[in-house]
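# Per-entry structural report
So the chains spell out like this:
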Amino acid sequence: MARILTATTSPNGCFDTRPFRSQTPNSQNFKIVSHFSPLNYFSSTRKTHSSALLVPNSRVIKTSRARKRRIKGGKNFLNRPAIGASLTTQTDSDTKETPRQPSAPYSVKIPVGDRHILVETGHMGRQASGAVTVTDGETIIYTTVCLSDVPSEPSDFFPLSVNYQERFSAAGRTSGGFFKREGRTKDHEVLICRLIDRPLRPTMIQGFYHETQILSWVLSYDGLHPPDSLAVTAAGIAVALSEVPNSKAIAGVRIGLIGDKFIVNPTTKEMEDSKLDLLLAGTDSAILMIEGYCDFLPEEKLLQAVEVGQDAVRAICKEMDALVKKCGKPKMLDAIKLPPPDLYKHVEEIAGDELVEALQIKNKIPRRKALSSLEAKVLSILTEKGFVSQMEAVAPTETVTDLVEDEEEDEEVVVDGEVDEGDVHIKPVPRKPIPLLFSEVDVKLVFKEVSSKFLRKRIVEGGKRSDGRTFEELRPINSRCGLLPRAHGSALFTRGETQSLAVVTLGDKQMAQRLDNLVDDDEFKRFYLQYSFPPSCVGEVGRAGAPSRREIGHGMLAERALEPVLPSEDDFPYTIRVESTITESNGSSSMASVCGGCLALQDAGVPLKCSIAGIAMGMVLDTKEFGGDGTPLILSDITGSEDASGDMDFKVAGNDDGITAFQMDIKVGGITLPVMKQALLQAREGRKHILAEMSKCYPPPSKRLSKYAPLIHVIKVKPDKINLIIGSGGKKVKSIIEETGVESIETQDDGIVKITAKDLLSLEKSKAIISNLTMVPTVGDIYRNCEIKSIAPYGVFIEISPGREGLCHISELSTNWLAKAEDVFNVGDRVDVKLIEINEKGQLRLSHRALLPDPNPEKQNMKQRTGNLVKEGTISQKAPEKGKQKKASSGSKDATSIENAEPTEEKSPTIELTSPSKSNPSDADALTEDKFVKKLVIPAKDGPATNKDRPKKSSSKSAINISNKSESAVVNGEAKIG
C-alpha cells in the first residue's frame, strides 16, 4: 500500500510530516509537496491549514527503497523551516529552561536638576523580569516588570497593563474606609498609570505578543518630592532592565516655571508658585509624551520648557544605558513574530483600488462599513479560497520534470518523450499556480497597516484628507445653549461628526468632590469635570458602567483647561460640576468637551474671565515614503481615522493669548522641537477660528444664574461667634435649618458663614437669625416686644432676638417689690427691655424696670441722699464740674439726683454705702435696687427713649446692615420683635 507524506507547519513554524493512507493500494509511492505557502504561526492557538499543502498535479517521485539515494539532491528537505520562521534549530536540551540566577544588588545615583535620584536593583523583586527602587529625598518608588511565558493572540495593540498605587503607609496613615486597606484605583492614580503607559508603548517592538505587566507602588512619601514623574522614570528603568524587547529607554521629568526660571523636578512647595506644570517623557533623542497645565503661557515659553525637559531626560537616559549594560537581561528578540512580507503585496493587490475608493467616503459610518466589507472580502480570499497572484496566473505554464523509477530491475521501458537516465525516467509535467492561504490574524494585521498606508499616501500625494479638507482646515462648527430648561446651564457643541453635550450644576460645599490622598485628610475640589464616552456615540454596542481610564484622563484634561478662567471662591462661592457626554465622536472629543464646557459655564451664569477653546493636531512624520520632501505634515482638527493612522495626537487648549492645557502622544520614535513648534503655532490659529465660531452660538449663553440654581449668601462674623451659630453638638445650626427651610449652613473657622437656600424668603429668615446671634450688643440698647421664654425663681429669660436670650432679674421686672415673677409675668408674654450689662462670659443682663416710670417719690429722696453722700466724699467719686453743679441746682430735685448720679455710675461700677445696717436686710435690698436703678436710668430719662439719650451703637456694621432687612431688626438702638 502506498503512503503519502504531507508537509504541514507546527506551531513553532517548522514543517511536520504525517503519513496517511493513499487511495491507490497497489503501488508503493510517496507524495511529497515541494511548494509551500508562506505560513507563519505565532501561537499554539492558531489553525494549521493542511489543506493548502495538498497541491494537485505536484510531481510524484516513484523509486525503490534500495535506490532512494540516487535521487538528485538527495537531501531531505522536509525539515526546512517555513518562510518567516526562525532559522534556529532547537534541540531537546535547548528547550529545557535553565534557572536564572538573581542579579547582584547594584545602585547608582543619577543627577536630576539640582539633586540626585538613587536607583537600586537586585535588592527586591528578584524573581521579576525587572525590578527597581528609585528614591528622591524620602520619596521611594518600587516598580516591577513581568511578562507571561506564553504569547497571547497577535493583535495591533501591545498587551501592556500598568498599575500604580499609593500606599497610605507611605505617609504614616491608614485608609479612612471601613476595611482599612487600599481599595479600587483612585482617579489621580489612574492618571499616573496613563503617564507611565503612554511613553512606553511607542518603544515596544512590533510583533512581541507576550503579555507585559508593570506594577508601581509608593512605599515612602515625604510630602515634598512628587512621586508621579519619579514613577515614569522608574518604569522606564525597569523595562530597560527586563527581558521585554524595546527600542530605547525612557525617562520622565516635571518642569516648573517660577518667575522666569525653569526648574527640573520642583518640590510641592515650589509648585505652589509655579506658572507651569509640565510633565515630559522621552528618550535620549526624541520626545514621546508631554502633558501639562499653565496659566495662559505663550507658545514660545512652552517650547523653552520642553527644551529644558528634553535636556534633563537625555542626561537620565545616558546614565540608564550604562546601568542596563551592567545589570540588564537579554532581550527576547526570538519571540518577535511578524506577518509574512509577501502578505502586504497580496493585500494591496486584492484591495488596492477598492481601498482607495472607501477612504474617500466623507462620512464616518459609511466609510467604516465599506472598510469592514472590504476586510471580510480579503479575509475570505486569503484564509479560505486561496490567493493566486495575477502575475503568476498570466505567466506561461511551467514545465517540471517527474522522476520515475521502476521497482523491477530486469524490466525497463522508455516511453516516447522520456529521457533514459539509467533506472530513473524523467517525464515533463505541467505545474499550475499554487493558491496561497494565510492565517486570519496575519491578514487582519496587514489589512489595517495597508489601510493606514493608503490614508497617509492620499494625504501626502493628493493634498486632501478623507473628508476633502486641506491640512489646516477645520470642520464646520455649530453650538447652542440653554437646551435643557431645568439644568443650571447647558450647551451642545458640534464640530463635524464630533458632538458634546455639556451640563453645569451649581451647589454648595456639600457637592464638592472629596479627595483622599497621602497628605491631606480632607481635600475638596470646588470644580470638577466628568467626561463620558458611551458606545452609542460611535454607533457600536459596548460596555456601559464605571468610567474607563481613557474617560478619566480626558475629563481631567478638559477640567484643567477650564480651571484658569474660573472666578475665585470669594467672588463666586459655588461648587461647580460639569458633565460632558459625548453624543457623537469622530476624533477630538476631549477638546469638544472644553468648548462645550466653556459655553455651558457661561450659560449657568459663572463669570468666566474669558472663553477657552481646544483643538487636536495630527501628523504624518515620514512623507518621503509617499513622494514628499521629508518634511513632517501637521494636520489640524484630526478625525478618528487620522488619529489612528497618524503619528501624533497633540491636544492644545487656551485662548488667543496663551495655553491653559496640553497633551501630546507620539506613536513613532518621537518628534523634535521644530516639529512641535510648527504644531503649536498651527494650533493657535485653529483656536482663534474656534473661538470666533463659539461667539456665534445661538441661542447664546444666558450669562445669569438660573432660577433653579441655589442661592448662596456669605456673611462675615467674628470668629469667636461661630460657636453661637453651631451650638452644642450642632443643635443650633440644625434648628435654624429646620426652622427656615434653607438647604445648608456652612461655617468656617475664620468667621465665614455661607447660607445655601432654594428661595429668597428662607435665605432672609436664616440670615436674620444668624445676624442676631452674632451681633455685638451694646449696653443701653432697647429691645421692644421681646418674648419671655422661661421663668426662674430669680428672674425671667427674655429672647431679645432669635436665638439670643438674656436674664432679667426679678428686681428689674417692676418698680415694686415682687416675691415671684410668676405673679406678674407668664411664659410667652412680650415686654420691652433694656440691656444694662454684659458680663465676662458674654451673658446679657436686661431690665424692664428701666423703661417704666417711677411712681415712688421716696425712692427719689433716696437718690437725693445718695447724691449728697457723693458730694461729702463718703462715696469715692470725682467732683463734678462747676458748670454741671450750677445746672443741677437750678433744676428740679429729680434732675439734680440724676445728674449727680450719672458720673458716679460711669466712673465707678460698684457703689459702696456706709449707712445701711447689716441687721436690716431690707435696707440693703433697697440700696441694691437703687444701685441698679441708677445704672438703668442714667442713659435715658423716665419715659420713652429719644435720639438724644440713646447711647452709641456697636461698630459691628455688617451685622446691623444685614439685620435691618429682618423683622427683628435693631433700628436706631431699638429692636422690634414680632
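So, how was this worked out
Residues numbered from 1 in each chain as written. Predicted model: local features only at pLDDT ≥ 70, side-chain atom pairs only at ≥ 80, totals over all residues. Heavy atoms only, no water. UniProt positions renumbered as here; feature names shortened; annotations may be inferred. Axes fitted to C-alpha atoms, helices over the stretch in contact; angles between N-to-C directions. Helix = DSSP H or I, 4+ residues; strand = E, 2+ residues; numbered from the N terminus. Parallel < 35°, antiparallel > 145°, perpendicular 65-115°, else oblique. Left-handed = near helix turned anticlockwise from the far one by under 90°. Contact = heavy atoms within 4.5 Å. Nonpolar A, V, L, I, M, F, W, Y, C, P; charged D, E, K, R; others polar. Salt bridge = Lys/Arg side-chain N within 4 Å of Asp/Glu carboxyl O. Buried < 20%, exposed > 50% of the residue type's maximum accessible area, 1.4 Å probe, protein only. pLDDT = per-residue confidence, 0-100. Expected span 1.5 Å × (residues − 1). Phe/Tyr/Trp six-rings, centres within 6.5 Å; stacked < 30°, edge-to-face > 60°. Pairing = 2+ DSSP bridges. Core = buried A, V, L, I, M, F, W, Y, C linked by side-chain atoms within 4.5 Å.

Where an unreviewed UniProt entry is consulted, the chain appears under the name polyribonucleotide nucleotidyltransferase, with the organism given as Forsythia ovata. As recorded by UniProt, the Sequence similarities (unreviewed entry) comment attached to the chain reads in full: "Belongs to the polyribonucleotide nucleotidyltransferase family." What UniProt records for the chain under Subcellular location (unreviewed entry) is the sentence "Plastid, Chloroplast".

Next up on the list: the packing of helix H6 (residues 341-359) against helix H9 (residues 440-462). Packing of H6 against H9 brings their axes to within 9 Å, and their N-to-C directions diverge by 50 degrees. Put simply, H6 runs oblique to H9. The handedness of the crossing between H6 and H9 comes out as right-handed. On H9, the residues touching Leu-343, Tyr-344, Val-347, Glu-348, Ala-351, Gly-352, Leu-355, Val-356 and Leu-359 of H6 are Asp-442, Val-443, Val-446, Phe-447, Glu-449, Val-450, Ser-451, Lys-453, Phe-454, Leu-455 and Arg-458. Grouping the amino acids of the contact of H6 with H9 by side-chain chemistry returns 13 nonpolar, two polar and five charged.

What follows deals with the pattern of salt bridges. As a working rule, side chains carrying opposite charge can pair if their charged atoms are close by. Within the structure shown, the criterion is met by 38 salt bridges. As a salt-bridge pair, Glu-642 and Arg-465 come within 2.9 Å of each other at their nearest N and O atoms. Residue Glu-642 is located in helix H12 (residues 640-645), and its partner Arg-465 is located in the loop between H9 and strand E16 (477-481); the two are separated by 177 residues in the primary sequence. For Arg-465, a relative accessible area of 0% gives the class buried. Bridged by salt links that share partners, the residues Asp-228, Arg-254, Asp-277, Arg-560 and Glu-563 form one connected network.

On average, the chain scores 78 in pLDDT, and the residues at 70 or more come to 72%. Confidence drops under pLDDT 50 across residues 1-100; counting only partners more than four residues distant or on other chains, this segment forms 157 contacts. This stretch, residues 870-978, has a pLDDT under 50; its non-local contacts, to residues over four places away or in other chains, come to 129 contacts.

As a further point, take helix H11 (residues 589-603). Taking 1.5 Å of rise per residue, 15 residues should cover 21 Å, and H11 covers 21 Å from first to last C-alpha, within 8% of that figure. For H11, the buried fraction is high: 15 of the 15 residues fall into the buried class. Phi turns positive one or two residues past the end of H11, at Gly-605, with a value near 85 degrees.

A separate point is the packing of helix H5 (residues 299-327) against helix H13 (residues 673-694). Following both chains from N to C, one finds H5 and H13 inclined at 150 degrees, their axes separated by 10 Å at the closest point. Considering their axes alone, H5 and H13 lie roughly antiparallel with respect to each other. In terms of crossing hand, the pair formed by H5 and H13 is right-handed. The segment H5 lies against H13, with Glu-299, Glu-300, Leu-302, Leu-303, Val-306, Glu-307 and Gln-310 engaging Leu-673, Met-676, Lys-677, Leu-680, Arg-684 and Arg-687. Classifying every residue of the contact of H5 with H13 gives six nonpolar, one polar and six charged.

Before going further, it helps to spend a moment on the packing of aromatic side chains. All chains considered together, the criterion is met by five aromatic pairs. On the basis of an interplanar angle of 40 degrees and a centroid distance of 4.8 Å, the ring pair of Phe-572 and Tyr-574 is categorised as tilted. Accessibility assignment for this pair places Phe-572 and Tyr-574 in one class, buried. Aromatic side chains Tyr-794 and Phe-797 sit 6.4 Å apart centroid to centroid with 85 degrees between the ring planes, which places their arrangement in the edge-to-face category. The class of Tyr-794 is partly exposed, set by a relative accessible area of 42%.

We now examine the sheet that holds strand E23 (residues 613-620). Strand order in the open sheet formed by eight strands is E10-E9-E11-E12-E26-E25-E23-E24, and the pairing between neighbours is antiparallel. Each edge of the open sheet is held by one strand with a lone partner, namely strand E10 (261-264) and strand E24 (633-636). Strand-to-strand twist across the sheet, computed as the mean angle between neighbouring axes with direction ignored, equals 20 degrees. The sheet contact formed by strand E9 (residues 251-258) and E10 spans four bridges and is antiparallel. Bridged to Gly-256 within E10 is Ile-263.

This part is about the nonpolar core. Judged by nonpolar contacts, the single largest core of 133 residues is most densely connected at Leu-276, Ile-576, Met-648 and Phe-650. Examining the composition of this core, we find that 11 residues originate from one element, H5, more than from any other. Each residue touching Ile-576, except ones within four places of it in the same chain, is listed here: Val-504, Thr-505, Leu-506, Met-511, Arg-526, Phe-527, Tyr-528, Leu-566, Leu-601 and Val-606. By size, the runner-up hydrophobic cluster in this structure holds 30 residues, among which are Leu-355, Ala-358, Val-378 and Val-443.

Ordered by their spatial adjacency, five strands build an open sheet running E16-E17-E18-E22-E21, and the pairing between neighbours is mixed. Taken across any chain shown, the strands that pair with only one partner, and hence form the sheet edges, are E16 and strand E21 (527-532). Shown here is a sheet whose adjacent strand axes are inclined to one another by a mean of 15 degrees, direction ignored. Looking at chain direction, E21 and strand E22 (residues 575-584) are connected through six bridges and run parallel. Counted as the bridge partner of Phe-527 is Ile-576 from E22. Contacts between H11 and the sheet are confined to E16, strand E17 (489-495), strand E18 (498-507), E21 and E22, with E17 contributing the most and set at about 145 degrees to the helix.

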